[in-house]
Amino acid sequence: MHNWVQTHQDGTARAGIFTTPHGQFETPNFMPVGTKASVKGVDVERLAQCGTQITLVNTYHLWLRPGHELIETLGGIHKFCGWKGPILSDSGGFQVFSLQDRRKLDESGVEFRSHIDGAKMFLSPEVSIGIQESLGVDIAMAFDECPSGDLPHEAVESSLELTLRWAGRSIAARKKPEQTALFGITQGGVFKDLRTRAAEQIGAMEFSGCAIGGLSVGERKDLMYDVLSYHPQQLPADKIRYLMGVGTPADIVEAVKNGVDLFDCVMPTRAGRFGRAFINGPEPTINLKNLRFVTDQEPLDSCCECIACRRYSRAYISHLFRVSEML
């Protein structure tokens, strides 16, 4: 039920189709991030209209509110949020590890305080997989540790070893493999020997896909591109490759060129909320809060046929940002 089939190749870049119980999506593909089962500012009908084929939800946030048990009782994540296509969930690991001042990590998992009410919580590979299967997602992620981008080799190596052990536990924790595919995650920072070891061990495990984690977490752009120049090709050629949390147009093109198939990032919706638009033109991005757009009667992008470009001027949209209108 869950499989990726390659359809074309050009150098190391490739195209394919991934099949899930809720339909197929083409690759390369970008997943809008619906952190709390909602892509900020965009309803599911408009998501489909703009070409979205798969979305992402956040395990950590849905676990805390409204709770995975409630979502399961209400018919699962697809019925809950109204999106009928494939849905991938992250493991919650990245959010927990970002709580540096309120977490305690050991072999068993991570104990931390909720950012909402300070309640004591515990997340492990077994708990994470259970939550994701309860949500009813099509693709779940193994529970891993994501180290910051500035750590030395020894610390990143220790973190990777923990991630590899947790990967095995994530596989063992599965109870609904026919419903939910499981992707493994490689770590290793910017160190080639660690990335190579991660690719070999994660690639050999019984995962339906392989994700590249631990990039775009503070390292220099040239170091990230260096990892992308060799690491995707180290992963199994017959499995989908997912680069986590990377999403600028330039980064996507670079990664696709090197054999990556799937992406996610909060950047598009975050940029949009702060007035930044990506357009076709001499300027790839514009900031609509700039004074020069106050009287600009042109559409955001004359090549685009979305409702914003068809109906509204840059001046009007600039006005909305200036007066904090939610539209």
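Just so you know, these numbers come straight off a predicted model, no measurement behind them.

Trainee: Which residues make up the overall build of the chain, and what values go with them?
Mentor: When you go through the chain residue by residue, the secondary structure sums to 13 helices and 16 strands. At 20 Å, the chain has a C-alpha radius of gyration in line with the 20 Å of a compact globule built from 327 residues. Across the 327 residues that make up the chain, the buried fraction comes to 49%. For the chain, restricting intrachain contacts to residue pairs at least 6 apart in sequence, the fraction spanning at least 24 positions comes to 62%. Between the averaged position of the 34 positive side-chain charges in the chain and that of its 39 negative side-chain charges there is a distance of 5 Å.

Trainee: Just give me the short version of the environment of Gln100, but keep the residues and values in it.
Mentor: Residue position: Gln100 is located in the loop between helix H5 (93-97) and strand S7 (103-106). Gln100 sits 73 residues away from Ala173 along the chain, and the two C-alpha atoms are 26 Å apart.

Trainee: Give me the sheet that holds S7: which residues, what numbers.
Mentor: With antiparallel pairing, the three strands of this open sheet are ordered in space as S7-S8-S9. Either end of the sheet is taken by a strand with one partner, and the two such strands are S7 and strand S9 (120-123). Each strand of the sheet is rotated relative to its neighbour by a mean of 15°, with strand direction disregarded. Bridge analysis of S7 against strand S8 (residues 109-113) gives four bridges, and the strand direction is antiparallel. Paired with Arg103 across the two strands is Phe112, which belongs to S8.

Trainee: Run through the pairing of strand S12 (residues 209-212), naming residues and quoting values.
Mentor: The two faces of S12 match: Gly209 and Ala211 on one face and Cys210 and Ile212 on the other face are all buried. By the bridge criterion, four bridges tie S12 to strand S13 (residues 240-243) in an arrangement that is parallel. The residue of S13 that forms the bridge with Gly209 is Ile240. Chirality of the crossover, the property in question, places the unit of S12, helix H9 (residues 221-234) and S13 among those that are right-handed.

Trainee: Tell me about helix H13 (residues 314-322), residues and numbers included.
Mentor: For H13, the complete set of buried residues consists of Arg314, Ala315, Ile317, Ser318 and Leu320. The positive-phi residue at the C-terminal boundary of H13 is Ser324, with phi of around 60°.

Trainee: Could you give me a rundown of a positive patch on the surface, with the residues and numbers involved?
Mentor: A grouping of Lys36, Lys40, Arg65, Arg270 and Arg273 is seen on the molecular surface, where their side chains present a positively charged patch. In this fold, Lys36 is placed in the loop between strand S4 (29-34) and helix H1 (44-49).

Trainee: Before we move on, can you summarise helix H6 (residues 125-135) with the specific residues and values?
Mentor: An α-helical turn contains 3.6 residues, so a residue and the one three or four places further along point in the same direction. Among the 11 residues in H6, eight count as buried, and that is most of the element. For H6, the full list of buried residues reads Pro125, Ser128, Ile129, Ile131, Gln132, Glu133, Ser134 and Leu135. Gly136 lies just past H6 and shows a positive phi near 85°.

Trainee: Describe the nonpolar core, with residues and values.
Mentor: Judged by nonpolar contacts, the single largest core of 55 residues is most densely connected at Ile77, Phe112 and Leu243. In terms of residue count, helix H7 (residues 153-172) provides more of this core than any other element does, six residues in total. If near-sequence neighbours (up to four positions away) are discounted, Leu243 is found in contact with Ile212, Leu215, Leu228, Ala255, Val260, Leu262, Phe263 and Asp264. Listed in part, the 18 residues of the second largest apolar core include Ile54, Leu56, Ile185 and Tyr242.

Trainee: Which residues make up the state of the cysteines, and what values go with them?
Mentor: One pass over the full model with this rule turns up zero disulfides. The cysteine Cys81 is free of any disulfide, with Cys50 supplying the nearest cysteine sulfur at 15 Å. Cys304 takes part in no disulfide bond, and the closest cysteine sulfur, belonging to Cys306, lies 3.6 Å away. Since its relative accessible area comes to 31%, Cys304 is described here as partly exposed.

Trainee: Would you mind going over unusual backbone geometry in detail, with residue names and values included?
Mentor: The peptide bond linking Thr27 to Pro28 adopts the cis configuration, its omega dihedral lying at 5°. The amide bond that connects Arg65 to the next residue, Pro66, takes the cis arrangement and shows omega of 5°. Relative to the helices and strands, Pro66 is located in the loop between helix H2 (59-64) and helix H3 (68-73). Phi at Ser216 takes a positive value of approximately 60°, unusual for a residue other than glycine.

Rules used throughout
- Every chain begins its residue count from 1, and numbering advances along the sequence as written.
- Local features in this predicted model are restricted to residues of pLDDT 70 or higher, and side-chain atom pairs are both shown and tallied only at a pLDDT of 80 or more, whereas totals for entire chains, interfaces and linings draw on every residue.
- Side-chain descriptors were evaluated using all non-hydrogen atoms of the structure, hydrogens and water having been removed beforehand.
- Runs of H or I in DSSP of at least four residues are treated as helices and runs of E of at least two as strands, each being numbered from the N terminus.
- In this description the radius of gyration comes from C-alpha coordinates, and the expected globular size is given by 2.2 Å times residues to the power 0.38.
- Think of it in three bands: with a 1.4 Å probe and only protein chains considered, a residue is buried below 20% of the maximum accessible area for its type, exposed above 50%, and partly exposed in between.
- In this analysis, two residues are considered to be in contact whenever any of their non-hydrogen atoms come within 4.5 Å of each other.
- Counted as positive: Lys and Arg. Counted as negative: Asp and Glu, with His and the chain ends omitted from the count.
- A charge is said to be at NZ when it belongs to Lys, at CZ for Arg, at CG for Asp and at CD for Glu.
- Any two strands between which DSSP finds at least two bridges are classified as paired.
- Every angle, taken between N-to-C directions, lies between 0 and 180 degrees, and every axis is a line fitted to C-alpha atoms, over only the stretch in contact when it is a helix.
- Seen with its strands pointing away from the viewer, a crossover is right-handed when the path leading from the first strand over the helix to the second is clockwise.
- Patch members must show over 30% relative accessible area and no salt bridge, and they are joined within 9 Å when carrying like charges or within 5 Å when they are nonpolar side chains of Val, Leu, Ile, Met, Phe, Trp or Tyr.
- Only the protein chains shown count as cover for residues, and the accessible areas themselves come from Shrake-Rupley with a 1.4 Å probe.
- When a carboxyl oxygen of Asp or Glu lies within 4 Å of a side-chain nitrogen of Lys or Arg, that pair is called a salt bridge.
- The nonpolar core is taken to be a set of buried Ala, Val, Leu, Ile, Met, Phe, Trp, Tyr and Cys residues, with the residues joined through side-chain atoms within 4.5 Å.
- We call a pair of cysteine sulfur atoms a disulfide when they lie within 2.5 Å.

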